[in-house]
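For reference, the chains in residue letters:
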Amino acid sequence: MNPYATTIIITSLIMGPLLTISSNHWIMAWTGLETSTLAIIPLIAKQHHPRAIEATIKYFLTQASASTLILFSSIINAWTSGQWGITQMSNNISCTILTAALAIKLGLAPFHFWLPEVLQGTTMTTALILTTWQKLAPLSLLMMTAQSMNTPLMLTLGLTSALVGGWNGLNQTQLRKIMAFSSIAHLGWMATIITLSPKLMLLTFYTYTIMTSTMFLMIKLLETNKISVMMTSSTKLPALNAMMMLTLMSLAGLPPLTGFTPKWLIIQELTKQDMPIIATMMALLSMLSLFFYLRISYYTTITLPPNSTNYLQQWRHKTNQKHYLAPMATLSITLLPITPTLLTIT
């Protein structure tokens, strides 16, 4: 890609969500969303493959529809209340439309169908950007309008996303699709708590971003796309495989790892708000996600490949050492003891 085009794309990709976060007017927020959407499209289509082009079209149509609904809801709110401020959503219809639009933007169930297909058609780096950085702008809008959102509706979206993310990930063999359904399940936890404790949602997003980024970078370093190929990776980088298993268990939310922190605090907050049934359902639904994380861990670290393989054996070539993976893996695993400090910071 042309270096000038790359510079423009990366700058737009960074500035789009930042513009949305820092704006107070709906038109400026919408401009930031459109900027980030248009900036990621060339990165998805960069492969010049039919699957990449299909993913690009799906992503563009979905995000354009969501942006249209966001603009429509803000116009309805401005019509009835005379206010264009993001935090001044007073019309119930516009709040409901906005919730649906942001759910489409994020990939919350039942508007999740585009996310696994788009991730499957992109590279690991673009998939990492789509599941972390691109979620920042819609989540910031959800945070700013949290006091106007319908709590039962957000709880329903959260429970549905946790169920769909865990259930659909069980039978997957492609790592990018597994990470897509993992993202949907984690977004379900964020949607469940956003109207009750926005600060806790922010902490959940931070820990999710760290763990997901670490996982994607590890998969990229191992140069694998399927679970079946993961069996040969233990002989290439044994230490990295051990860290990958711990990162997967952290994503699943097992104590005493980092991923346990947000799940524990969310269940505690739901219990405080007299919602023990929802807290129990969320804890049970996380077992579905745990199963496919355990499945990847089993294939990666415990299973040895047979002597006669049906696919081409990978060479044990010397891989480039990625020094940034060490601190990222450490953060993905060891943040539970400093939970009080994290709560103070957020």
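Basis of the calculations
- Residues numbered from 1 in each chain as written.
- Predicted model: local features only at pLDDT ≥ 70, side-chain atom pairs only at ≥ 80, totals over all residues.
- Heavy atoms only, no water.
- UniProt positions renumbered as here; feature names shortened; annotations may be inferred.
- Helix = DSSP H or I, 4+ residues; strand = E, 2+ residues; numbered from the N terminus.
- Buried < 20%, exposed > 50% of the residue type's maximum accessible area, 1.4 Å probe, protein only.
- Polar contact = N/O pair within 3.5 Å; in protein donor to acceptor, adjacent residues only side chain to side chain.
- Contact = heavy atoms within 4.5 Å.
- Phe/Tyr/Trp six-rings, centres within 6.5 Å; stacked < 30°, edge-to-face > 60°.
- Lys NZ or Arg CZ within 6 Å of the ring centre and 35° of its normal.
- Patch = residues over 30% accessible without salt bridge, like charges linked within 9 Å, V, L, I, M, F, W, Y side chains within 5 Å.
- Areas by Shrake-Rupley, 256 points an atom, 1.4 Å probe, with all protein chains shown as cover.
- Salt bridge = Lys/Arg side-chain N within 4 Å of Asp/Glu carboxyl O.
- Domains from an automatic or database assignment.
- Buried area = accessible area lost by both parts, 1.4 Å probe.
- Nonpolar A, V, L, I, M, F, W, Y, C, P; charged D, E, K, R; others polar.
- Axes fitted to C-alpha atoms, helices over the stretch in contact; angles between N-to-C directions.
- Parallel < 35°, antiparallel > 145°, perpendicular 65-115°, else oblique.
- Left-handed = near helix turned anticlockwise from the far one by under 90°.
- Core = buried A, V, L, I, M, F, W, Y, C linked by side-chain atoms within 4.5 Å.

Looking up the protein chain in an unreviewed UniProt entry gives the name NADH-ubiquinone oxidoreductase chain 2, with the organism given as Testudo graeca. The annotation that UniProt attaches to the protein chain under Catalytic activity (unreviewed entry) is "a ubiquinone + NADH + 5 H(+)(in) = a ubiquinol + NAD(+) + 4 H(+)(out)". Looking at the Sequence similarities (unreviewed entry) heading of the UniProt record, one finds this comment for the protein chain: "Belongs to the complex I subunit 2 family."

Novice: Is there a simple way to think about the side chain of Q134 in this case?
Specialist: Examined against the element boundaries, Q134 turns out to sit in the loop between α6 (124–131) and α7 (136–144). Of the residues examined, Q134 reaches a relative accessible area of 10% and is grouped as buried. Within polar-contact distance, the side chain of Q134 engages the side chain of Y59 at 3.2 Å. Here Q134 is in contact with L13, S36, T37, I40, Y59 and I129, once residues within four sequence places are set aside.

Novice: What exactly am I supposed to notice about the packing of aromatic side chains here?
Specialist: Two measures describe an aromatic ring pair: the distance that separates the ring centres and the angle between the ring planes. This structure, assessed with the given rule, holds 5 aromatic pairs. Between F260 and W264, the aromatic rings sit 5.9 Å apart at their centres with planes inclined by 10 degrees, giving stacked as the arrangement. Here the residue F260 and the residue W264 both occupy positions in helix α12 (residues 260–272), the gap between them amounting to 4 residues, near one helical turn. Taking relative accessible area as the criterion, F260 reaches 24% and is therefore assigned partly exposed. Residue classification places W264 among the partly exposed positions, given a relative accessible area of 39%. Relative to Y293, the ring of F292 lies with its centre 4.9 Å away and its plane at 55 degrees, an arrangement referred to as tilted. Each member of the pair, F292 as well as Y293, is classed as buried. Here the basic side chain of K263 rests over the ring of W189, its NZ or CZ set 5.2 Å away from the ring centre.

Novice: Is there a simple way to explain a nonpolar patch on the surface in this structure?
Specialist: A cluster of nonpolar residues, I10, I14, M15, L18 and I21, forms a patch on the protein surface that exposes about 420 Å² of accessible area. With respect to the secondary-structure elements, I21 resides in helix α1 (residues 3–22).

Novice: Sorry if this is basic, but what is going on with the domain arrangement of the protein chain here?
Specialist: Many descriptions give the size of an interface as the accessible area lost when the pieces come together. Partitioning the protein chain into structural domains gives domain 1 (1–123) and domain 2 (150–307 + 319–345). Computed over C-alpha atoms, the centres of domain 1 and domain 2 are 24 Å apart. With 17 residues of domain 1 at the interface, the matching set in domain 2 holds 17 residues. Between domain 1 and domain 2, a total of about 1400 Å² is buried, with carbon and sulfur atoms accounting for 72% of that surface. Three residues stand out in domain 1 for area buried against domain 2, namely L108, A109 and Q120, and they jointly supply 37% of the buried area on that side. If you look at where domain 1 meets domain 2, you find 1 salt bridge. In this structure, E117 engages K177 in a salt bridge whose closest nitrogen and oxygen atoms are separated by 3.5 Å. For the interface between domain 1 and domain 2, the tally reads 4 residue pairs in polar contact (both at pLDDT 80 or more). Among the elements of the structure, α4 (92–106) and α5 (114–120) are those that each provide at least two residues to the side of domain 1 that touches domain 2. Residue contributions to the side of domain 1 that touches domain 2 peak at 5 residues, all from α5. Each residue belonging to the side of domain 1 that touches domain 2 can be placed in one class, and the counts come to 8 nonpolar, 7 polar and 2 charged.

Novice: Hey, could you run me through the packing of helix α9 (residues 175–193) against helix α13 (residues 276–302) in this one?
Specialist: Close contact between α9 and α13 brings their axes to 11 Å; oriented N to C, the two are set at 165 degrees. With respect to each other, α9 and α13 are oriented roughly antiparallel. Every pair of crossing elements has a handedness; the one defined by α9 and α13 is left-handed. Along the contact surface, α9 presents L175, I178, S182, A185, H186, G188, W189 and T192, while α13 presents I278, M282, A283, S286, S289, F292, Y293 and I296. For the contact of α9 with α13, the per-class residue count stands at 10 nonpolar, 6 polar and no charged.

Novice: Teacher, can you tell me more about the pattern of salt bridges here?
Specialist: Once their charged atoms are close, side chains differing in charge can pair, the charge on each being opposite to the other. Inspection of the entire model under this criterion finds 4 salt bridges. A salt bridge links E117 to R51, with the nearest nitrogen and oxygen atoms 3.9 Å apart. One end of the pair, E117, is in helix α5; the other, R51, is in helix α3 (residues 50–81), with 66 residues separating them in the sequence. Note that E117 and K58 form a salt bridge whose closest N and O atoms lie 3.9 Å from each other. Separated by 59 residues along the polypeptide, E117 in helix α5 and K58 in helix α3 bring together distant segments of the chain. Residue classification places E117 among the partly exposed residues on the basis of a relative accessible area of 27%.

Novice: Is there a simple way to think about the nonpolar core in this case?
Specialist: When a protein is soluble and globular, its nonpolar side chains tend to lie buried together. Ranked by internal contacts, the top residues of the largest apolar core, which has 49 residues, are I40, Y59 and M244. The biggest single contributor to this core is helix α10 (residues 198–222), with 8 residues. Looking at this core, you find at least three residues from each of domain 1 (1–123) and domain 2 (150–307 + 319–345). Filtering out sequence-adjacent residues up to four positions away, Y59 remains in contact with T37, I40, I41, I44, W114, V118, L130 and Q134. Within the second largest apolar cluster, 47 residues are counted, among which are I70, L139, L187 and A279.

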